[in-house]
Amino acid sequence: MPLVLYNSATRRKEPFEPIDPQRVRMYVCGPTVYDRAHIGNGRAFVVFDVLYRLLRDIYGRDHVRYVRNITDVEDKINAAARANGEPIAALTARTAAAFHDDMAALGVLPPDVEPRATDHIAQMIAMIERLIASGHAYVANGNEEAGHVLFAVASDPGYGRLSGRSRDEMIAGARVEVAPYKRDPADFVLWKPSEPDVPGWDSPWGRGRPGWHIECSAMSEAHLGESFDIHGGGLDLIFPHHENEIAQSVCAHQGRPFVRYWVHNGFLSIDAAKMSKSLGNFFTVRELLDEGPGEAIRLALLSAHYRDPLDWTSERLRRARQTLDRFYRALTLSRDPVFERFGEADEALRPVKEALEDDLNTPLAVTRLHELVGAINRTSSDAVRSALQRALEEGGRLMGLLEQDPLAWLRGSSEADERRIEEQIALRAAARGQRHFAEADKIRAALAADGILLEDKPDGTTTWWRKD
Ligand code: AMP
Ligand code: ZN
């Protein structure tokens, strides 16, 4: 089955046909480096990492070019540096390094190219000049507003094609700024003047800095060309960011097509609420790595379909971890590499691949890995078991899972598990001491649901064992 992807531009699933199968090209909007990545950002980058792995599997490692940028010039960065009393370059370098650590912990592969906005200012200026020359952009007049260059939305008859928004909706949109220097309220900034204390570059319009949208148009053009296959990001980027990228790129390229498939991941919420710092339900990837291994976080992020909303709960993480325990345990059963070379492994892997090729259906792919594990546990044939183990490993790898040594995982996981169980037993003892028996029973029941049984000894201590 060929790869099928939901295309936000056409609002339907479409067979994926690359412009050049020898050179499949994907661009994903990367992080703005002013703060640590949160788990919602983690979801976006894990999802596109699965797509990257799948494309490499289908077209060959050397025939896929994945570009994910780093936005290191943006007003949020300037504000954060000011708030921290830290030089901007130090903040962006520190945050970009932390981002790389977090992504590595989640098993996200580095992209083929990771361009930085500040290394592409010349390309942005050149693109803006082309837009001005072709009547798609204008320099705002007037003293106070000197140095602003705006994209003229009315000059692009196709504007709104991605988001499907009407003009009125666009203007009313929360992120459209009405400003006196705009000819039309829907026009957006390509270049703006920089005060002496913020980063700026010399340009035909004075010392200034780019708007956010032009960054991605210039970087994708520099590394993937005018037209490429896939452009990704979270749903929130459809408007205005991606709508504006299309307008800039199509108009700078005399109407030639920009992107074939627009792919957007759904949003992550926490305990059914929008993630927000002020509500106190905001988790960075770093914080969650204290709660569970990166691989379990990754699996939890892939346990919902990427276009669906995903509600993050500690229960979801716990279940992901149990699943990995089960998968890794199956990989420790006796195995004979001789049998892994036969066709059965490929045969057994096919249903996993088919699930992923159907618009990245990771929940179904995980269900199919569970089925493989069931078969591994049941079979008495060494040959069959070995082939199925190979398929399990390969299927996991396509999703960036099961890449560790199984014994190392199981050892690490059970140590952490034991610590957690001991903590729960101590909490239960404390509850009983205060005669909070309902609370104590709740803890016992929660452990029992995990397969952990408790036994209270006459001397007042409690021991536990695993039901299995
Ligand atoms: P940002 O650095 O804010 O531009 O975000 C980086 C990526 O994370 C973008 O693709 C966003 O769309 C995505 N993103 C941000 N918040 C969430 C969320 N809560 N759930 C899923 N994706 C998100
Ligand atoms: Zn972008």
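Preceding block: the structure.
Read on for an overview of the structure.

Reading the values: rules and limits
Residues numbered from 1 in each chain as written. Chains lettered and ligands numbered in written order. Predicted model: local features only at pLDDT ≥ 70, side-chain atom pairs only at ≥ 80, totals over all residues. Heavy atoms only, no water. Pairing = 2+ DSSP bridges. Helix = DSSP H or I, 4+ residues; strand = E, 2+ residues; numbered from the N terminus. Axes fitted to C-alpha atoms, helices over the stretch in contact; angles between N-to-C directions. Contact = heavy atoms within 4.5 Å. Near = heavy atom within 4 Å. Polar contact = N/O pair within 3.5 Å; in protein donor to acceptor, adjacent residues only side chain to side chain. Areas by Shrake-Rupley, 256 points an atom, 1.4 Å probe, with all protein chains shown as cover. Nonpolar A, V, L, I, M, F, W, Y, C, P; charged D, E, K, R; others polar. Donors = N, O, S within 2.8 Å, 3.2 Å for Na, K, Ca; no water. Tetrahedral: all angles 85-135°; square planar, octahedral: opposite > 155°, others 65-115°. Buried < 20%, exposed > 50% of the residue type's maximum accessible area, 1.4 Å probe, protein only.

What about the sheet that holds strand β9 (residues 228-234)?
Strand order across the open sheet formed by four strands is β4-β3-β9-β10, with parallel pairing between neighbours. The open sheet is flanked by β4 (64-68) and β10 (259-265), the only strands paired with a single partner. Neighbouring strand axes in the sheet, compared pairwise and without regard to direction, differ in orientation by 20° on average. When β9 meets β10, the two strands line up parallel, connected through six bridges. Paired with Gly232 across the bridge in β10 is Val263. Relative to strand β3 (residues 24-28), helix α6 (residues 212-224) is tilted by about 155°, and along the sheet it contacts β3, β4 and β9.

A look at the environment of Pro309
With respect to the helices and strands, Pro309 occurs in the loop between α9 (294-301) and β13 (310-312). Once the C-alpha coordinates of Pro309 and Gly266 are considered, the two residues, 43 residues apart in sequence, prove to be 5.1 Å apart. Contact partners of Pro309, with chain neighbours within four places excluded, come to Arg43, Phe267 and Ala304.

Points about the site of ligand 1
Surrounding ligand 1, one finds 16 residues, the nearest of these being Gly40, Asn41, Gly234, Asp236 and Leu268. Note that an oxygen atom of ligand 1 is positioned 3.4 Å from one of the backbone N or O atoms of Thr32. Between ligand 1 and Leu268, the relevant distance is 2.8 Å, taken from a nitrogen atom to a main-chain nitrogen or oxygen of the residue. Protein chains bury 89% of the 490 Å² of accessible surface belonging to ligand 1 in isolation. The set of elements that each furnish at least two residues to the shell around ligand 1 consists of α1 (39-59) and β9. The element that contributes the greatest number of residues to the shell around ligand 1 is α1, accounting for four residues. Considering only residue class, the shell around ligand 1 consists of seven nonpolar, eight polar and one charged.

So, the coordination of the zinc ion (ligand 2)
Coordination of the zinc ion (ligand 2) by the protein involves Cys29 (SG), Cys216 (SG), His241 (NE2) and Glu245 (OE), with metal-donor separations of 2.0 to 2.7 Å. Note that the zinc ion (ligand 2) binds four donor atoms; their angles at the metal cover 74 to 130°, and the shape is irregular. Spacing between the donor residues of the zinc ion (ligand 2) along their common chain follows C-x186-C-x24-H-x3-E. Here the residue His241 and the residue Glu245 both occupy positions in helix α7 (residues 238-252), the gap between them amounting to four residues, near one helical turn. When sorted by exposure, His241 lands in the same class as Glu245, which is buried.

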